[in-house]
Amino acid sequence: MLVMGPVSGVCDTLLGFRNSNETQPPGLQMVSPCLLNAVVAWLPSIYLWIISPFYFLYLRYNNKGYIRMSCLFKTKMVLGFTLILLCSSSIIFTLWKIKGGTPQAPEFLISPTVWLVTMILAVFLMHSERQKGIQSSGVLFIYWLLCSLSMVATVSATVYQTQQGGFSEDTFRHLLTYFSSALIGAQFILSFLADQPPFFSKILHDSNPCPESGASFPSKATFWWFSRLVWQGYRKPLELDDLWSLDKENSSEEIISQLEREWKKLCNETQQIKEERGRETRVEPTFPSETEAFLQGHQNSRLPLLKAIWKVFSITFLLGTLSLIICDIFRFAVPKLLSFFLEFISDPEAPAWKGYFYAVLLFLSACLQTLFEQHHMYVCMVLQLRLKTAVMGLVYRKVLVLSSAMRKSAAVGEIINLVSVDIQRLMDAVLYLNGLWLPLVWMTICFTLLCQLLGMSALTAIAVFLILLPLNFIITKKRSHFQEKQMLHKDHRARLTDSMLRNMKIIKLCGWEEAFMGKILSIRREELQALKSSGYLFTGSLVSFYFSTFLVALVMFAVHALTDEKHVLDAEKAFVALTIINILNRAQAFLPFSINTIFQAWVSLARLAAFLHLEEVEPRAINTSSMGEECISVQDGTFAWSQESSPCLQRINLTVPRGSLFAVIGSVGSGKSSLLSALLGELSKLEGNVNIKGSVAYVPQEAWIQNASVKENVCFGQKLDIPWLDRVLEACALHPDLESFPAGIHTEIGEQGINLSGGQKQRLSLARAVYKKASIYLLDDPLAALDVHVGQHIFDRVIGPGGLLQGMTRILVTHAVHILLQVDHIIMMVDGAIAESGSYEELLQRNGPFADFLGQAKQEEDDHSQEMKFSKVKKSSRNISESGESAGKTYSIMEDSHEKGGTTLQSQAEGTRMAGQLTERDRVQYGRVNAALYVAYLRAAGTPICLAVMLLFLCQQMVSFSRGYWLSLWADDPITNGTQQHTRLRLGVFGLLGCFQVIGRFGSIVVVILGGIQASQQLFQGLLRDVAQSPMTFFEQTPIGNLLNRFSKETDAVDAVIPDKFKSFLGFLFGLLEVILVVVVTTPLAAVVVLPLMAVYVGLQSLYVASSCQLRRLESVSRSPIYSHISETCQGGAVIRAFQAQDQFLVQNDSRIDEHQKTSFPRLVADRWLATNMEILGNILVFTAASFAVFSKPHLSPGIVGFSVSMALQRPWNVGAREISVTERPANLSQKVLHTADWAPGLGAEYSPAVAVAPRGKDPSGLQGRNLQRPRGSLHPQVTEILHWAVRSSTDLENNIVSVERMRDYTKTSKEAPWTLPHNGISHTWPAMGQIEFRGYSLRYRPGLALALRNLTLEIHPQEKVGIVGRTGAGKSSLIISLLRLIEAAEGGIWIDGVNISQVGLHALRSKITIIPQDPILFPGSVRMNLDLLDEHSDDEIWGALEMVQLKSFILDLPGQLQYECSDQGDNLSVGQKQLLCLARALLRKTKILLLDEATAAVDAQNDLKIQAILRDQFADCTVLTIAHRLHTVMDCNRILVMDNGGVAEFGSSSQLLAQRGLFYRLAEESGLI
């Protein structure tokens, strides 16, 4: 900073006039005071002047608040002003000297002036930063760092000058130098500290803010701010509460809104352009089959999405790219520094200070490359998280507005694939995008350096690369084919697995687990076969890179050495050329992989864009303008499920006055539900107008229940009103159910209401609508799933003229003819049109379709039923509790609930809520991973494969060492008359060893891939079997998202990530052995450093792994709720939109995404923390080793030094390429197997094969310089690299082996009884008669709950038809469950044809019993597959069954007929049609025992009677047990079993029971049959 020394001769040295008699220390021989003055004065100052304008501009637009003056700031200002004072003193002193007549050199005046101006600028910057809320300044930190380095040189020169006697001549300037240096050092130390948060900062109000915002600049650069969490995770397992809150810029609310705004803007612009050009404004929708790619959109549909993403995230990406470019600048200094270093080693006369100087340069280069590289990775990976958040939010928002037709075509599993796989591919593109241009720059520089080094022989490298490059592109293109094929199988598997998990109850009831497992495993085998083929191609590509590195070196050395005998291959040429070749090879490898990854991202972008362009519900389809007394008005309406499909409703004219009750009736498929969908805006309006005034509540035909408590399901996000909630629950007949629930209204309901009966789900769905207090109620047959007496209660208390909804507008779809007299208006639907409408009397007088419908419904009933139906109307207002007083089940709680007010609910709220918890959160393991997991994985891979892998790795590593050592001997060959002897021998052996290693490398990679696929197949099969063999209670308690997470994300990790991690770990392990061998051979004394070095690194790993593994677990657990919520939203989209609850669900989704990102962010920082700190530690140790190498120079030959240094330069970057967060990558080998590139020494000390994919923490784009060979300027820096990467690879392996742990989570959970028993003595014809006997049978659903069935003892005779009736909760469905052993007996047993069913295998039992369940279930696949899952029947038999259930003509009209693809859950068919298909399925199966569980609840009365007739005819020789809500359907049964409170109340013929005038009599009376 300040000039020292006498005036005379100050600049003589700079001009070349040094006194030859003057002696200086070796380190300062070439340093002149004049040069020091120039550097000290100008270097830091120029930096600050250049950066200041940009920094002031940044401060102007980034105001973070105001920081009050702290002690730290005051100290900095005092030091700053003191430095200004010292600079001024120096200027004054110089002017005083000049005035006194003493000549002064110009630098004595210029240098202090420059410092004065710069110090004033620095002080002003400190003040400005405080005003703008900057807690720690990176700009000033770098400035003080440069000043400190300058002052070190200045003080060194000053001390030397003092030793020469100059201190007495210029005492003042010497003192100024010391004082200034001390003050600058103090400023530099203070710059390591951060100031307090701004006065109005949100951090002050955050309970757990991210420490990054308040960290100092060096702490941010080295990620030291993360150390506290690492230490906390080491001391105790981390929990979700330990993690920091997300910063605003990383939150869903901020990011999603930005992308959504840009997306909508670009979509509108695109639409306007299309309109101007007269083109179609809608994107053609696709209806993919199971074997087609999901949502293949138009090629240009992705451009708006790409532009939107670029506009939102481009600035962040470009900043990361800038860091990468700076990193590359340091990378290409490596060959020159290596050349200088080897030149120094070869020159015995070279002064030692040169070696130390080169060591310092290499150390600084390494540190700066580390910091810039890690900053690039951090920026890119944070950008990945933001991109993931934004696109996931965009997809979810699309799910909320998908039209009905598109919702049926886009299965839940396929949408989950979009969220998990395709979004991950976009994230990968962030790290690979620079790989499209940067390798071309590398190649150009490398070829230039090679030509300078080896002359024209370097052109052979260009020729070899040009020959091999097309091969890489051909392999990449071929691999993309297998990758696409794999994705198709993955989508198919995800869709079928999702359907299996959601419909596990019916699958177990029918004994179809093995059939579905077979289908899934068949798809899985095809998926893994595609993975294997892609792996083989990848291995060929990878080995071609290894081979190209070796071949280029071999050909180039051969041409150089053999074309001219005077061309000797010394250490400098050999090892510097190898360094450049490795950079070149990396570029060649990275380019095709980058293109491949970008191509995959391009495909995924098209899939996402196609999904986002799918048809939405029309927001303007419904007009909400005010209309007189009319509440609903439809004029000339024509509607279709999509714009391209044929109309499903035509010529609809409808006017609904305010407060009226309309009933919609008609046969199955007539358009009743479609009419309600049209009023909701769910259908595409082709013609006409629809006007609705007021809020709407909707009750779907199939109840949609959330995985939440009863209270949350009913309130549905609205404010809790306990008195009103109590009235609603009473009116919907839910109080008796709540009394039986463990925690009342706080009882948790399983996904899709799996722990509720059909009636309970429907009443809960109705309660949700009633609680809303809407103006309009659209009720889609809510009474169908209810018992007659409960249905009558619901109608009287809720829907009817005297119910809670009186005065509200109600449109009720119903099959219940007996309530039609109480409605204001009736709409008769026939073939998608309103056939007629009017009041009951008006329609009867017209004698039209309504009269025919009514007559057909009644003519098949008993002669007296018509009279009783009219009498039923007169009784309908009677309270249901009056007829139930002596039935053993009282409803008095309903009767007096108004007097009690909210007492019941308040008392429930006071009880424990934990008792009502049903579903279990995804379990989080704690602590280090158990070694048994590694054993389990290796055992799944197979012992022979494991032994082969170890042998191949060992052999190829031995060859690697031999070849490197052989090359060092070649470089040390003596030069005689300008030539080397034995050149041909050296070249031949070198080439032979290289070929052997390429073969070994190929074999090792292939065997690892085969072992990984074998292990993946075994683990997946085990997971599938463990889940399939679990009892139904497991599925009630386990959210579907937990299971989908394991079948998708964790399976993906096991498929590709874990094999790659094992390969990396083995490569580093054997590489470490090779490096130790090199150390022992070259400089045995340096081996002393290895052990303490390993100890330090292992200590760092212990700190890191404890936190990293736990973060990995928390991240996996937090992913499941996102999938569950998306799945739940897909199923309930119509209800959500009807209730206008979109905002509520958006908030829920955003919070789930934030919770997931809250765990993802610390995990990516943990990787950066480990990489940065381990490399900085390694750089320090390398510098020490380098200094030792310089000290030992006389004892080392150039060849050995070159061999050792080349090891240092061979950064295991290809393994580093694995640093990309592979746990976030899809299971595509195309995306993850790229990580399999193993570390450089695996191919030899001098070769670092270039494989492009960065792993977690490294530049996946392979762009990071760290992945490139980076010289440390020492003989054995590779030791630190190998130790570093050995730690990293073992840590990554432990992090990802967690996926095996999670896939094995269910191995020890309780399982149901065996599916098959080898020796049970049961004939294949059993049961021959169908006799059923219960002996003291009791059933309990879960431990701790009351008995659902109590001491049942009864006998059902062969071929007997038994009707089962009773009030809701009496135990009817439990009786059916017990016969199929869905839950095992608590006491007693059941005998069929004299055989205790507990002694029969479950599949043997369930295959002999046919059940038609209450909820009709269809699976994704063809109609034929749904009817004949096991492919046991001919087409003629199937058509016969369809004809019997009145569906033959309907199926014939479908495209493809029996091959028509049913969507997930059969959403493209009506509920009635699905029920009839289930009946046809039962007719085909036709066993001796048939169970009907409310099988005809969803069909009209006319079809119900026809179906009953079919059953009587087709199952005449079978035992039939029928549960029915419509009592008249079981009146002709041989006997009727009346259930009450889990026991047998009455059992006999209908005439006997009516004569007893007991419970059955009262039920018949309530149903209007007497």
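Residue positions are counted from 1 within each chain, in the order its sequence is given. The predicted origin of the model limits local features to residues at a pLDDT of at least 70 and limits the giving and counting of side-chain atom pairs to 80 or more, whereas totals for whole chains, interfaces and linings rest on all residues. Computation of side-chain values: all heavy atoms of the structure, hydrogens and water removed.

## Examining the overall build of the protein
Each helix corresponds to a stretch of at least 4 residues labelled H or I by DSSP, and each strand to a stretch of at least 2 residues labelled E; elements are numbered beginning at the N terminus. Along its length, the protein carries 52 helices and 25 strands. Contacts were defined at the residue level, with two residues in contact if any of their heavy atoms lie within 4.5 Å. Within the protein, contacts between residues separated by at least 24 positions form 84% of all contacts whose residues are at least 6 apart in sequence. Computed by Shrake-Rupley with a 1.4 Å probe, the accessible areas treat only the displayed protein chains as cover when residues are assessed. Counting only carbon and sulfur atoms, one obtains 59% of the accessible surface of the protein, whose full area is about 56800 Å².

## With respect to helix H21 (residues 722-731)
Exposure classes here rest on a 1.4 Å probe applied to the protein chains alone. A residue is buried below 20% of its type maximum, exposed above 50%, and partly exposed in between. Here H21 lies mainly inside the structure; seven of its 10 residues are buried. Of all the positions in H21, only Trp-724, Leu-725, Asp-726, Val-728, Leu-729, Glu-730 and Ala-731 are classed as buried. Trailing H21 by a residue or two, Ala-733 shows a phi angle of about 60°, which is positive.

## Looking at the sheet that holds strand S4 (residues 684-692)
One open sheet holds the three strands; their spatial order is S2-S1-S4, and the pairing between them is antiparallel. Pairing within the sheet leaves two strands with one partner each, and these edge strands are strand S2 (647-657) and S4. Here the average twist between neighbouring strands, direction ignored, is 5°. Note: strand S1 (residues 630-640) against S4, seven bridges, orientation antiparallel. What makes two strands pair is DSSP finding at least two bridges between them. For helices, the fitted line uses only the C-alpha atoms of the stretch in contact; every axis is such a line through C-alpha atoms, and the angle between N-to-C directions lies from 0 to 180 degrees.

## Notes on the nonpolar core
The set of buried Ala, Val, Leu, Ile, Met, Phe, Trp, Tyr and Cys residues whose side-chain atoms join them within 4.5 Å is what this entry labels a nonpolar core. By size, the foremost hydrophobic cluster in this structure holds 215 residues, and its most contacted members are Trp-225, Phe-226, Phe-611, Ile-794 and Phe-1161. For this core, the leading source of residues is helix H18 (residues 571-612), giving 17 residues. Once you skip the residues sitting within four places of it in the chain, Ile-794 turns out to touch Ala-731, Cys-732, Ala-733, Arg-763, Leu-766, Leu-783, Leu-786 and Ile-799. Membership of the second largest hydrophobic core comes to 81 residues, among which are Met-500, Ala-1028, Ile-1489 and Met-1539.

## Comments concerning the pairing of strand S17 (residues 1385-1392)
Sheet topology note: the strand S14 (residues 1332-1340)/S17 ladder contains six bridges and is antiparallel. Opposite Leu-1339, over in S17, you have Ala-1385 as the bridge partner. Here S17 runs beside strand S18 (residues 1395-1396); their pairing, made up of two bridges, is antiparallel. Within S18, the residue paired with Trp-1391 across the bridge is Asn-1396.

## Focus on the packing of aromatic side chains
Note on aromatic contacts: the rings of Phe and Tyr and the six-membered ring of Trp form a pair at centre separations within 6.5 Å, being stacked when their planes are under 30 degrees apart, edge-to-face when over 60 apart, and tilted otherwise. One pass over the full model with this rule turns up 31 aromatic pairs. A centroid spacing of 6.3 Å and a plane angle of 70° characterise the contact between Trp-244 and Phe-1161, whose relative ring orientation is edge-to-face. In this pair, Trp-244 sits in the loop between helix H7 (227-235) and helix H8 (252-276) while Phe-1161 sits in helix H38 (residues 1142-1191), placing the two residues 917 residues apart along the sequence. Taken together, a centroid distance of 5.1 Å and an interplanar angle of 85° make the contact between Phe-1034 and Phe-1035 edge-to-face. Neither residue differs from the other here; Phe-1034 and Phe-1035 are each classed as buried. Through pairs of rings, three or more aromatic residues link up here, namely Phe-223, Trp-225, Phe-226, Trp-244, Tyr-378 and Phe-1161. Consider the ring centre and the ring normal. A charge sits over the ring if Lys NZ or Arg CZ is within 6 Å of that centre and within 35 degrees of that normal. Geometry around Trp-966 places Arg-986 over its ring, the cationic atom sitting 4.7 Å from the centre. Over the ring of Trp-1391 we find Arg-1335, and its NZ or CZ is 3.9 Å from the ring centre.

## Some thoughts on a nonpolar patch on the surface
Together, Trp-310, Leu-318, Ile-325, Ile-329, Leu-433, Leu-436, Trp-437, Val-441, Ile-445, Phe-473 and Ile-595 make up a nonpolar patch on the protein surface, roughly 900 Å² of accessible area in all. Those elements giving two or more residues to the nonpolar patch turn out to be helix H9 (302-331) and helix H14 (438-454). In terms of residues, the nonpolar patch owes the most to one element, H9, which gives four residues. Residue Ile-329 is classed as exposed on the basis of its relative accessible area, which comes to 56%. Patch members must show over 30% relative accessible area and no salt bridge, and they are joined within 9 Å when carrying like charges or within 5 Å when they are nonpolar side chains of Val, Leu, Ile, Met, Phe, Trp or Tyr. Salt bridges are identified by distance alone: a Lys or Arg side-chain nitrogen within 4 Å of an Asp or Glu carboxyl oxygen.

## Side note on the pairing of strand S8 (residues 825-830)
Pairing geometry for strand S3 (residues 661-665) and S8, over four bridges, is parallel. Counted as the bridge partner of Ala-663 is Ile-826 from S8. Pairing geometry for S8 and strand S9 (residues 833-838), over five bridges, is antiparallel. From the neighbouring strand, Met-829 faces S9, where its bridge partner is Ile-834.

## A look at the packing of helix H2 (residues 71-99) against helix H3 (residues 107-132)
For any two helices packed against each other, one specifies the crossing angle of their axes together with the interaxial distance. Closest axis-to-axis distance for the H2/H3 pair is 9 Å, and the angle between their directions is 160°. By the angle between their axes, H2 is roughly antiparallel relative to H3. Here H2 runs over H3; the crossing is left-handed. Here the residues of the contact of H2 with H3 sort into 17 nonpolar, six polar and two charged. Angle categories are assigned with fixed cut-offs, so that under 35 degrees is roughly parallel, over 145 is roughly antiparallel, 65 to 115 is roughly perpendicular, and the rest are oblique. With the far helix as reference, a near helix turned anticlockwise by less than a right angle produces a left-handed crossing, and one turned clockwise produces a right-handed crossing. Note on residue categories: nonpolar means Ala, Val, Leu, Ile, Met, Phe, Trp, Tyr, Cys or Pro, charged means Asp, Glu, Lys or Arg, and polar means any other residue, Gly included.

## Re the sheet that holds S9
Reading across from one edge, S5-S6-S7-S3-S8-S9 is the order of the six strands in this open sheet, with mixed pairing throughout. Each edge of the open sheet is held by one strand with a lone partner, namely strand S5 (696-699) and S9. Recorded for the sheet is a direction-independent mean angle of 15° between the axes of neighbouring strands. Helix H19 (residues 672-680) rests against S3, S5, strand S6 (776-780), strand S7 (809-813) and S8 of the sheet, and its axis sits at about 150° to S6. Docked against the sheet, helix H23 (residues 758-771) engages S5 and S6, running at close to 180° with respect to S5.

## Thoughts on unusual backbone geometry
Each neighbour pair has its own omega, and for Trp-1326 with Pro-1327 the value is -5°, a cis peptide bond. For Pro-1327, the position within the fold is in the loop between helix H43 (1298-1303) and S14. One non-glycine residue, Phe-223, lies in the positive phi region at around 65°. Summarising the element assignment, Phe-223 is placed in the loop between helix H6 (217-222) and H7.

## Details of the pattern of salt bridges
Enumeration over the complete set of coordinates arrives at 31 salt bridges. A salt bridge links Asp-1052 to Lys-490, with the nearest nitrogen and oxygen atoms 3.6 Å apart. Of the two residues, Asp-1052 sits in helix H35 (residues 1040-1082) while Lys-490 sits in helix H15 (residues 459-502), which places them 562 residues apart along the sequence. Taken individually, Asp-1052 and Lys-490 each receive the classification buried, so the pair is uniform in this respect. Here Arg-1424 makes a salt bridge to Asp-1435, at a shortest N to O gap of 2.7 Å. One end of the pair, Arg-1424, is in helix H46 (residues 1423-1427); the other, Asp-1435, is in helix H47 (residues 1435-1444), with 11 residues separating them in the sequence. When its relative accessible area of 15% is taken as the criterion, Arg-1424 is described as buried. When salt bridges that share partners are traced, they join Lys-490, Arg-493, Arg-524, Glu-527, Asp-1052 and Asp-1055 into one network.

## Regarding the side chain of Asp-780
In this fold, Asp-780 is placed in strand S6. Note on charges: Lys and Arg go in the positive column, Asp and Glu in the negative column, and His and the chain ends are not counted at all. Buried and without a salt bridge, Asp-780 has Lys-672 as its closest oppositely charged side chain, separated by 7.2 Å. Identification of polar contacts relies on pairs of N or O atoms within 3.5 Å, with a donor-acceptor requirement for protein atoms, meaning one able to donate a hydrogen and the other able to accept it, and with residues adjacent in sequence counted only if both atoms are side-chain atoms. A distance of 2.8 Å separates polar atoms of two side chains, one belonging to Asp-780 and the other to Ser-673. Apart from the residues lying within four places of it in its own chain, the contact partners of Asp-780 are Ser-673, Leu-676, Tyr-698, Val-699, Pro-700, Gln-701 and Val-813.

## A closer look at helix H11 (residues 352-401)
When the terminal C-alpha atoms of H11 are compared, their 74 Å separation across 50 residues agrees well with the 74 Å that a helix rising 1.5 Å per residue should span. Across the 50 residues of H11, 37 count as buried, placing the element largely inside the fold. Multiplying one less than the number of residues by 1.5 Å gives the expected span of a helix.

## Brief notes about the environment of Glu-702
As for its position among the elements, Glu-702 is in the loop between S5 and helix H20 (710-715). Given a relative accessible area of 37%, Glu-702 falls into the partly exposed group. Residues contacting Glu-702, with those up to four places away along its chain left out, are Pro-1416, Val-1471 and Lys-1474.

## Some details on the packing of H23 against helix H24 (residues 788-799)
Interhelical geometry of H23 versus H24 gives an angle of 0° and a closest axis separation of 13 Å. Relative to H24, the element H23 lies roughly parallel. Listed contacts from H24 to Arg-763, Leu-766 and Val-770 of H23 are Val-790, Ile-794 and Val-798. Considering only residue class, the contact of H23 with H24 consists of five nonpolar, no polar and one charged.

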